[in-house]
Protein chains: 2
Amino acid sequence: MILGPKLIEYHENYMRLALAAAQRAYDLGETPVGAVAVYRDMVLATSHNRREILPDPTAHAEILALQKAAQDLNNWRLTDVTLYVTLEPCIMCAGAILQARLGRLVFGAYDPKAGAVGSVTDIIRTPLFPNNTEVLGGILADRSSELLSNFFADKRRDGREVEGARLEGE
Amino acid sequence: MILGPKLIEYHENYMRLALAAAQRAYDLGETPVGAVAVYRDMVLATSHNRREILPDPTAHAEILALQKAAQDLNNWRLTDVTLYVTLEPCIMCAGAILQARLGRLVFGAYDPKAGAVGSVTDIIRTPLFPNNTEVLGGILADRSSELLSNFFADKRRDGREVEGARLEGE
């Protein structure tokens, strides 16, 4: 799909909100992924990954945003909703997008390890599960990737520091 | 996998709890699917589909049971948990099972239209997403199928009655 500059700018503006949510996850020590659910130019939900804090294996940014949007619209069918997420959804979240009959998915970085919308597999654009969800990937992908790389570099460094402290303590 | 009669009986006992939860969903007008999460012979969660009531596109029985189990164990990793569910999980729920690092999945009826653990696709036993979840399908499958068939027959009959009332009213 080729988008004009106006439309790219339109999507980038919402993606910036999702990136800000991802930054909040980062600050809390959660894998930095953020999401925003938009219904007719109205932001219904802004969420970030909360797996560790809750703890809840299903608390990915996308799931939390879909739940909030359905509550606000009092309808589990989200056919007029666009979901922005900073990272390509995993299998669970791609499945939730199908369950919600989501109108449109816009995501940032591709996830070569677990992405289920084009990278490892494609749950949305397979004839196995017919659906009408429009998909647009790669919006502000570099900023999303940078956040994730920094987060995992921090974790590795923290791991080495913990290991170093243990060795010194022995 | 060939199971001895003792082990089949063991799994059937928990599946009966899941079927009772599915019956509660039925009574509430929700698609009758029930789930039970068990940790070392202890039932942590009993849940049923609540998509319409909440409303929440992600409120399948499996998701609700995984969430409750993670809360009780204060850990999103459910490696020592067995999830019983009356129907083969969909893509979303199969993905949630991967996210939770679930120890074991035991399900009832196969779902030829949307099942993602052997019917339409297989998310758990694919080399694309390495995991250690043990899978056992077909436990008390007939009782689960019967509940679902009755539910959809009721819905179709209700639909015809509504249609009939409308024609009479015109």
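For the structure, see preceding data.
Residues numbered from 1 in each chain as written. Chains lettered and ligands numbered in written order. Predicted model: local features only at pLDDT ≥ 70, side-chain atom pairs only at ≥ 80, totals over all residues. Heavy atoms only, no water.

Student: Explanation requested: the nonpolar core in the structure shown.
Tutor: Side chains of a nonpolar character, in soluble globular proteins, are inclined to be buried together. Within the largest apolar cluster, 77 residues are counted, with the highest numbers of intra-cluster contacts made by Leu83(A), Leu105(A), Leu83(B) and Leu105(B). The residues touching Leu83(B), leaving out its near neighbours within four places in the chain, are Ala35(B), Val36(B), Ala37(B), Glu62(B), Ala65(B), Leu66(B), Ile97(B), Leu102(B), Arg104(B), Leu105(B) and Val106(B). (Core = buried A, V, L, I, M, F, W, Y, C linked by side-chain atoms within 4.5 Å. Buried < 20%, exposed > 50% of the residue type's maximum accessible area, 1.4 Å probe, protein only. Contact = heavy atoms within 4.5 Å.)

Student: Would you explain the sheet that holds strand 2 (residues 42-48) of chain B in this entry?
Tutor: Strand pairing in a sheet takes place through backbone hydrogen bonds and is either antiparallel or parallel in direction. All names here are of chain B. On the basis of which strands lie adjacent, the open sheet formed by five strands has the order 2-1-3-4-5 and mixed pairing. The sheet is open, and its two edges are formed by strand 2 and strand 5 (134-136), each paired on a single side. Strand after strand, the sheet turns through a mean of 15° between neighbouring axes, direction not considered. Of the strand pairs in this sheet, strand 3 (residues 81-87) and strand 4 (residues 104-109) are connected by five bridges, and their pairing is parallel. Bridged to Leu87 within strand 4 is Ala109. On the sheet, helix 2 (residues 61-73) packs against strand 1 (34-39), strand 2 and strand 3 and is oriented at approximately 145° with respect to strand 2. (Pairing = 2+ DSSP bridges. Helix = DSSP H or I, 4+ residues; strand = E, 2+ residues; numbered from the N terminus. Axes fitted to C-alpha atoms, helices over the stretch in contact; angles between N-to-C directions.)

Student: Hey, could you run me through helix 2 (residues 61-73) of chain A in this one?
Tutor: Each α-helix winds once per 3.6 residues, and so residues spaced three or four apart point in a common direction. Here helix 2 of chain A is 13 residues long and its end C-alpha atoms lie 18 Å apart, about the 18 Å a rise of 1.5 Å per residue gives. Contact partners of the buried residues in helix 2 of chain A: strand 1 (34-39), strand 2 (42-48), strand 3 (81-87) and helix 3 (91-99) of chain A together with helix 2 of chain B. Asn74(A), located one to two residues past helix 2 of chain A, shows a positive phi value of around 50°. (Expected span 1.5 Å × (residues − 1).)

Student: Explain the relation of the copies chain A and chain B to me, please; I cannot follow it from the model alone.
Tutor: Copy one and copy two of the chain differ by a rotation about an axis and a translation along that axis. Each copy of the sequence occupies a distinct position, and chain A is placed on chain B by a rotation of 180° and an axial shift of 0.0 Å, giving an RMSD of 0.0 Å. The operation mapping one copy onto its partner corresponds to a two-fold rotation axis. Measuring from the rotation axis to each C-alpha of chain A, the shortest distance belongs to Met92(A), at 2.1 Å. Here 100% of the contact residues of chain A are again contact residues in chain B; the copies associate through an equivalent surface. (Least-squares fit on C-alpha atoms with pLDDT ≥ 70 in both.)

Student: Help me out: how do you make sense of the pairing of strand 1 of chain B in this one?
Tutor: Residues and elements named next belong to chain B. Within strand 1, six of the six residues are buried, which leaves it mostly tucked inside the rest of the structure. Every second residue of strand 1 is oriented toward a common face, with Gly34, Val36 and Val38 on one face and Ala35, Ala37 and Tyr39 on the other, all of them buried. As defined by bridge partners, strand 1 adjoins strand 2 across six bridges and the pair is classed as antiparallel. Considered in strand 2, the bridge of Ala37 is made with Ala45. With five bridges joining them, strand 1 and strand 3 adopt antiparallel strand pairing. Across the sheet, Ala37 pairs through a bridge with Leu83, a residue of strand 3.

Student: Any chance you could explain the interface of chain A and chain B here in plain terms?
Tutor: One frequently used descriptor of interface size is the decrease in accessible area upon assembly of the parts. Taken together, the contact between chain A and chain B spans 30 residues of the former and 30 residues of the latter. Roughly 2,600 Å² of surface becomes buried between chain A and chain B when both sides are summed, with 70% attributable to carbon and sulfur atoms. The interface formed by chain A and chain B contains six residue pairs in polar contact (both at pLDDT 80 or more). Only helix 2 and helix 3 of chain A provide two or more residues apiece to the side of chain A that touches chain B. (Buried area = accessible area lost by both parts, 1.4 Å probe. Polar contact = N/O pair within 3.5 Å; in protein donor to acceptor, adjacent residues only side chain to side chain.)

Student: So what exactly am I meant to see when it comes to the side chain of Glu88(A) here?
Tutor: Residue and element names in this part refer to chain A. Its location among the elements puts Glu88 in the loop between strand 3 and helix 3. For the buried Glu88, no salt bridge exists, and the shortest N-O distance to an oppositely charged side chain is 6.4 Å, to Arg125. There is a polar contact of 2.8 Å between the side chain of Glu88 and the backbone nitrogen of Val117. A polar contact is formed between the side chain of Glu88 and the backbone nitrogen of Gly118, at a distance of 3.1 Å. Discounting residues that sit within four places of it in the chain, Glu88 has contacts with Phe107, Ala109, Tyr110, Asp111, Gly115, Ala116, Val117, Gly118 and Ser119. (Lys, Arg positive; Asp, Glu negative; His and termini not counted. Salt bridge = Lys/Arg side-chain N within 4 Å of Asp/Glu carboxyl O.)

Student: I keep staring at the sheet that holds strand 2 of chain A and nothing clicks. Help me out?
Tutor: Residues and elements named next belong to chain A. Strand order across the open sheet formed by five strands is 2-1-3-4-5, with mixed pairing between neighbours. The open sheet has two edge strands with one neighbour each: strand 2 and strand 5 (134-136). With strand direction ignored, the average angle separating the axes of adjacent strands in the sheet is 15°. In the packing of helix 1 (residues 5-27) onto the sheet, the strands contacted are strand 1, strand 2, strand 3, strand 4 (104-109) and strand 5, and the crossing angle to strand 3 comes to about 55°. Packing against the sheet, helix 2 makes contact with strand 1, strand 2 and strand 3, and its axis sits at approximately 145° to strand 2.

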